[in-house]
Each structure stands twice: as structure tokens, then as C-alpha cells.
Amino acid sequence: MSRSAEFYGGSDRNAYLHRAWMRRGVPDHAFDGRPNIAIANTASDLTPCNAHLDEVAQSVKNGIYEAGGIPYNLPMVSLGETTVRTTAMLWRNMAAMAAEELLRANPVDGVVLLGGCDKTIPALLMAAASVGIPAIVVPGGPMLNGSFRGRPLGCGTGVWKLSEEVRAGGLSDAEFRSTESSMIRSRGHCNTMGTASTMAFMAEALGMSLPGVAGTPAPDSRLLELSHASGRRVVELVGQETTPADIMTPGAFHNAIVALAAIGGSTNAVVHLLAIAGRLGVDLSLDDFDRIGDGVPLLVNLQPAGEYLMEDLFRAGGFLAVLNEVRHLLDSSTVTVSGRRLVDELPTEAVWDRDVIRTATEPLQPDAGIVVLRGNLAPSGAIIKPAAASAELLRHRGPAVVFDSVEDMRARIDDPDLVVDENSVLVLRGCGPRGYPGMPEVANMPLPRRLLEKGVRDMVRICDGRMSGTAYGTVVLHVAPEAAAGGPLALVQDGDLIEIDVEARGLTLLVPEDELRRRTPPTQLKAAYASPKRGWEQLYIDHVQQADTGADLDFLTGATGPAVMRDSH
Ligand code: FES
């Protein structure tokens, strides 16, 4: 018996209750056992990147009806990356938990996951993995390209660049502000290879989207066509009893990691993929990103690593054309929600602009994988994205300049008395999952103004937080354990020498062990994370795990499955 039939079937009082209250627009045949499909919809006016998803939902609905299913709009917790405080990452697990429980509690047999802005697709995939009902992702698509003074202006990446130009004295405040509308030109998520674009591509590489949908611009009519097709397809998935665990196999994660490197994707994909794998019981580790991504070339010339924007990638052939260039590196056994193997979905002759999508033999960079660094400063690992870093800083030794919080960094970074030069290593701590709490995107901290004025544009930065997928620089991030969880990052002092060696995978604090044993974390650092909280924040601090395993809550890893729960009356 299907899940929905367990609610609606029969003639007892509870079946009456379930049916009767639904009879406001829902026809009688909705209760005859045909697939009831939730449209998990993260549309919200306060998540501007997803505000258009109600229109997408309508196309999905039409497809579901056409295939003989019954669609239901199910509003989800929605997270606007640029709107919510303290950081959307604090709420990702809450959104995932709410989605999981709503899907399990309701009379639905399958689900279409509508996301876009950074945390929305990861949260929905985590939920679908834990519920285990047939699911398909429809990403909301990127915005149209922005431009400023004739040059591409990418979401996020442009903000970081222009704000540094303002600080360096090259751009006025008024000019800076005038770029807002030319950067954000339309509906859709960020148009750079930031986290939203990356996670849409990750969903497709995992096999959870119909091939070709990820990267379709939000205003493009083809997005609605593919939304309609996704609605049709989910009804078939229910009939075939295809679950997310059937699709998101270890091979699918292998393909996602290859794709992550080839597109030069966001470092945030690391925590999200680890968290999704944790829900499925797939044995994925931080080191798998380094191992599988090693030697994968960077093929996509998109900001922040390159020049172009998402509309250009779509015009040049799109994500599947990129994957075709690394076909030989993919696990050929994985099957997507289309019912076909991923490798059979790849076009063989479909690159229309070789400046945007490069060949594996003439890539943008020969090796684009995320690198995992370890050492006495990050015993459980830290990551760096060499493709977004400065080559000359990938092996570097310099004295630490330490900040105990984002506020501390902002208060002192431009202080003329700050002892810092271009060889310094900027250390920002108290920004991990527990310490902030929520692991904000602050690791790409701004450079001191007087160094900017000297022309310095990159320095080694180390942080237990994350950075925006639209950001760039020689940034070592996701340091685990974080300072607030007893990690050695808490023991670094101004002037300590730190050595980073990306080729050797090393991150070393050059301070003798006995000296480190004598040190204790500064009291202000402890105070930041020990102050009493309530509600979700307290639950989160008590249960969040470290970045190296995906920063999920300890009691949310794994799956409970789709079993229908006890009745309510
Ligand atoms: Fe929503 Fe970038 S802020 S995708």
C-alpha cells in the first residue's frame, strides 16, 4: 500500500478525517491510490533568489497532473543567503529537519524539491535522503548576467572586488552603490560559480535532477519546460519505487566530486555533500575530495576562478557538456532520475564557446580539486581551493596575526598600529559550527587597508569558518576541530610562524609541542561561545558536528525512512 493510501484508504473515521478536510479542490479520485506528490517549495519573498519558485511549482504541478499524479504545494523553511542572520548555515540543519518531518508526517508518496539559494538544495536533499521517498530536484536557475562599465559583474564576486576597490580608494561609495541593480538584474540565484550554482550542479551530478536542467537561467522558458517534465517524471519514479538511496550511490558522489573540480565549484559543496552522504550512510570522507579531485582539470571559465557568468555557461553548452570533457573520470555505472546512466546523458559534440568551456587537454588550470590540509593546526583537516588562490602563496611561511572574532577583525584590520605585512598569515577563529555558532562565510577576510593601498591583493588567511562560493583568495578554511571545540587554532598567538604547503598537504603551527601544552585559549574566545542561548541555537551548539563530517547535527545523521506514523485522532 502506498503512503497516501495508508492515510486515505478505507472507511473508518480516521480515513474520513484525512479525506474530508482535503475536499477543497482535491477531486475524489485523488484518494484512489494514485501518487500524491509534494512540491517542497522554498519560494519566499525574503529569499529573493527563490521568489520565482511559485511559477516553477505551477509547471511542476501541470506535469504531475498530466502523468496521473496529484500535486500539493508544501511550503518549506526558506533561507535567503544575504538576508538571514546570523548565517544561513545556522539554519540549514533546521530547514533539513523541518523538511524531513513534514514529508514524513504528510500523505505523500513522492516529492519534487524546489530550491536555489545556497542552503535550500542541500537542506532539501538531506531531508529527502532521510525520508527515502522518490524525489527529484528542480533548481530555480541563475540570474541573468550582470555588467559594470562594459565588464561582467558577478554576484558576490563583484561585491568582494568592488568593496576592496572602495577601501583602496579607487571607487567612490556612490559608484559602488550604483552597481547594485546592474549586478542583480533578474530573478534567480547568483550567476557566478558560487554555492547555489555549484549545488544545482551537484544535484545533477548526483543524478537527482533531470539531465540538463541545472544552470538553465531562471527567466528562461526552458526552465519551465524541464520543470513540467520533472513533474511528469516523479510520478513514474513513485511507480518504480526509485528512492534517493538508489540514485545517490557512492559512485554518484564520486561523480559529484569530479564535477566539483571541473566546474571550479564552491568549497561549501564539501560540507553539504558530506552531510547528504551522512544521511544516506554513504561512506564519504574529507580525504575523498582530495583523492578523487586530484588531477581533475578546471574547465569552466566562470567567476570567481575565471571571467564569465552562468548565462555564458548555459550558452556555451552547459553542465553536461562540461561533464563530457571529463567523461573518462566518471563512474559510468550511476543512474539518474531519468532512468538512464549519467554517462549516456552526456552530449558528445555540444560546446559552442571554447573560451567558456575548455577541453581537458587545454584547461583553465590542470588541477582544480579541493585540497585537504592537515597538521598540528588542523588535526581533522582543513580545505583550500587552489584554483581560487594565488599560486605564489600555495607554499608560504609567515607570522600570524590573530583575531578572536569577526568583530575583533573588523575593529582592528585597518588599525595603523596592527603589526602586519604582506607576508603575514591572517588567522580568524571563533567562526566554526559551534563557535559562531553556524559557521559563517567570513574566512575570506578583507586585507588591511594600508596593504591594499600598496597594491597587495591576496594574503594567506586561515579560519574555522567558511567562505562564500563567490569568493577567492588563498584562504584555508573549515579548520577542524574548530577553536570552540578545542582545536589548536585556539592556541595560536600573534607572531607565531605558520607554514602552509599545499603540495605536501601540510598546515603547521611552528611552535614547540611543550609550549602549546602550556597555552590556554584566550578567555574572550571562550566567552563568545559559552554565553547562554536558547531554542534552536542551543540545540545546534549542543549537537552540531565538525566541518570535516558535514556539520550536521549528531542525531540527524542517517535515515528514518518513509514509514507512516501513528494516527492523530
Ligand atoms: Fe542566493 Fe547567492 S544569495 S544564491
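Placed above this text is the structure.
Model, not experiment: these values are computed from the prediction.

Caption draft 1: Up close: the overall build of the protein chain. Across its full length, the protein chain carries 21 helices and 14 strands. Seen through its C-alpha atoms, the protein chain measures out along the principal axes to roughly 75 × 55 × 45 Å. Looking at the 569 residues of the protein chain, the share that counts as buried comes to 60%. Counting contacts in the protein chain only where the partners sit at least 6 residues apart, residues at least 24 apart contribute 77% of the total. Here the protein chain displays about 21,400 Å² of accessible surface, and carbon together with sulfur accounts for 50% of that area. Charge-centre separation for the protein chain: the mean point of 51 positive side chains lies 3 Å from the mean point of 69 negative side chains.

Caption draft 2: Structural context of the pattern of salt bridges. Inspection of every chain in the model, using the stated rule, returns 36 salt bridges. Here Arg232 ties to Glu66 by a salt bridge, and the two come within 2.7 Å at their closest N and O atoms. Taken together, the residues span a long stretch of sequence, with Arg232 in helix 10 (residues 221-240) and Glu66 in helix 3 (residues 53-66) at a distance of 166 residues. Given the relative accessible area of 30%, Arg232 is considered partly exposed. With relative accessibility at 48%, the residue Glu66 sits in the partly exposed group. Among the ionic pairs, Arg449 bridges to Asp414, the shortest N-O distance being 3.7 Å. Pair noted here: Arg449 is in helix 18 (residues 449-453) and Asp414 is in the loop between helix 17 (406-412) and strand 10 (425-428), with a separation of 35 residues, a long-range link.

Caption draft 3: Looking closely at helix 14 (residues 286-293). Counting buried positions along helix 14 yields six of eight residues, so the element is predominantly enclosed. Burial in helix 14 covers these residues: Leu286, Asp288, Phe289, Asp290, Ile292 and Gly293. Those residues of helix 14 hidden inside the fold are in contact with helix 12 (250-263), helix 13 (268-280), strand 7 (371-375) and strand 8 (378-384). Two residues or fewer after helix 14 comes Gly295, characterised by a positive phi angle close to 85°.

Caption draft 4: View of the sheet that holds strand 1 (residues 36-41). Ordered by their spatial adjacency, four strands build an open sheet running 2-1-3-4, and the pairing between neighbours is parallel. Each having just a single partner strand, strand 2 (70-75) and strand 4 (135-139) make up the two edges of the open sheet. The sheet shows a mean angle of 20° between the axes of neighbouring strands, direction not considered. By the bridge criterion, five bridges tie strand 3 (residues 110-115) to strand 4 in an arrangement that is parallel. Pairing of Gly115 across the sheet is with Pro139, part of strand 4.

Caption draft 5: Structural detail: the pairing of strand 2. Judged from the six bridges that link them, strand 1 and strand 2 form a sheet pairing that is parallel. Across the sheet, Asn36 pairs through a bridge with Ile70, a residue of strand 2. Handedness of the crossover joining strand 1 and strand 2 through helix 3 is recorded here as right-handed.

Caption draft 6: Spotlight on unusual backbone geometry. In this chain, Arg85 is followed by Thr86 through a cis amide linkage whose omega measures 0°. Here Thr86 is to be found in the loop between strand 2 and helix 4 (88-105). Backbone geometry at Arg505 places phi at a positive 60°, although glycine is not the residue there. Mapped onto the elements of the fold, Arg505 is located in the loop between strand 13 (497-501) and strand 14 (506-509).

Caption draft 7: Representation of the packing of aromatic side chains. In this structure the tally under the stated criterion is three aromatic pairs. A ring pair is formed by Phe201 and Phe319, whose centres lie 4.6 Å apart and whose planes are at 15°; its orientation type is stacked. Here Phe319 lies in helix 16 (residues 318-325) and Phe201 lies in helix 9 (residues 195-206), a separation of 118 residues in the sequence. Of the two residues examined, Phe201 and Phe319, each falls in the buried class. It is Lys161 that lies over the ring of Tyr472; its NZ or CZ is 4.7 Å from the centre.

Caption draft 8: Here's a closer look at the pairing of strand 3. Burial runs high along strand 3: six of the six residues are buried. Where strand 1 meets strand 3, five bridges bridge the pair, whose relative direction is parallel. Bridge assignment links Ala38 to a residue of strand 3, and that residue is Val111. Between strand 3 and its parallel partner strand 4, the chain crosses via helix 5 (residues 120-131), and the hand of that crossover is right-handed.

Caption draft 9: Fine view of the environment of Arg518. In this structure, Arg518 sits in helix 19 (residues 513-518). Owing to a relative accessible area of 59%, Arg518 belongs among the exposed residues under this scheme. A C-alpha to C-alpha distance of 9.6 Å links Arg518 and Leu491, two positions 27 residues apart in sequence.

Caption draft 10: Geometry of the environment of Asn50. Here Asn50 shows up in the loop between strand 1 and helix 3. On the basis of relative accessible area, Asn50 is assigned to the buried category, the value being 0%. C-alpha separation for the pair Asn50 and Asn444, spaced 394 residues apart in sequence, amounts to 26 Å.

Caption draft 11: Molecular detail of the packing of helix 5 against helix 13. Where helix 5 contacts helix 13, the two axes come as close as 8 Å, and the packing angle between them is 10°. Taken together, the axis directions place helix 5 and helix 13 in an arrangement best described as roughly parallel. Contact with helix 5, carried on its side by Pro122, Leu125, Met126, Ala127, Ala129 and Ser130, involves His272, Ala275, Ile276, Arg279 and Leu280 of helix 13 and no other residues of that element. In the contact of helix 5 with helix 13, the residues fall into eight nonpolar, two polar and one charged.

What counts as what
- Sequence order sets the numbering: in each chain, residues are counted from 1 along the sequence as written.
- Predicted model: local features are reported for residues with pLDDT of at least 70 only, side-chain atom pairs are reported and counted for 80 or more only, and whole-chain, interface and lining totals are derived from all residues.
- Excluding hydrogens and water, the side-chain values take into account all heavy atoms of the structure.
- The secondary structure listing takes helices from DSSP runs of H or I that are at least 4 residues long and strands from runs of E that are at least 2 residues long, numbered from the N terminus.
- With a 1.4 Å probe rolled over the protein chains alone, any residue whose accessible area is under 20% of its type maximum counts as buried; one over 50% counts as exposed, and the rest are partly exposed.
- Here a residue-residue contact requires only that any non-hydrogen atoms of the pair lie within 4.5 Å.
- The accessible surface values rely on the Shrake-Rupley method and a 1.4 Å probe; as for residues, cover is taken only from the protein chains in view.
- We score Asp and Glu as negative and Lys and Arg as positive, and we do not count His or the chain ends.
- By convention, the charge on Lys lies at NZ, on Arg at CZ, on Asp at CG and on Glu at CD.
- Any carboxyl oxygen of Asp or Glu within 4 Å of a side-chain nitrogen of Lys or Arg constitutes a salt bridge here.
- A pair of strands is treated as paired once DSSP finds two or more bridges between them.
- Only the stretch in contact is used when fitting a helix axis, every axis being a line fitted to C-alpha atoms; angles between N-to-C directions are given from 0 to 180 degrees.
- Clockwise travel from the first strand over the helix to the second, with the strands pointing away from the viewer, marks a crossover as right-handed.
- Between the rings of Phe, Tyr and Trp (Trp by its six-membered ring), a pair exists once the centres lie within 6.5 Å; its type follows the angle of the planes, with under 30 degrees stacked, over 60 edge-to-face, and the other angles tilted.
- Whether a charge sits over a ring comes down to the Lys NZ or Arg CZ being within 6 Å of the ring centre and within 35 degrees of the ring normal.
- Angle categories are assigned with fixed cut-offs, so that under 35 degrees is roughly parallel, over 145 is roughly antiparallel, 65 to 115 is roughly perpendicular, and the rest are oblique.
- Under the scheme applied here, ten amino acids are nonpolar (Ala, Val, Leu, Ile, Met, Phe, Trp, Tyr, Cys and Pro), four are charged (Asp, Glu, Lys and Arg), and all others, including Gly, are polar.

In short, the description is geometric, and any link to function would need to be established separately.
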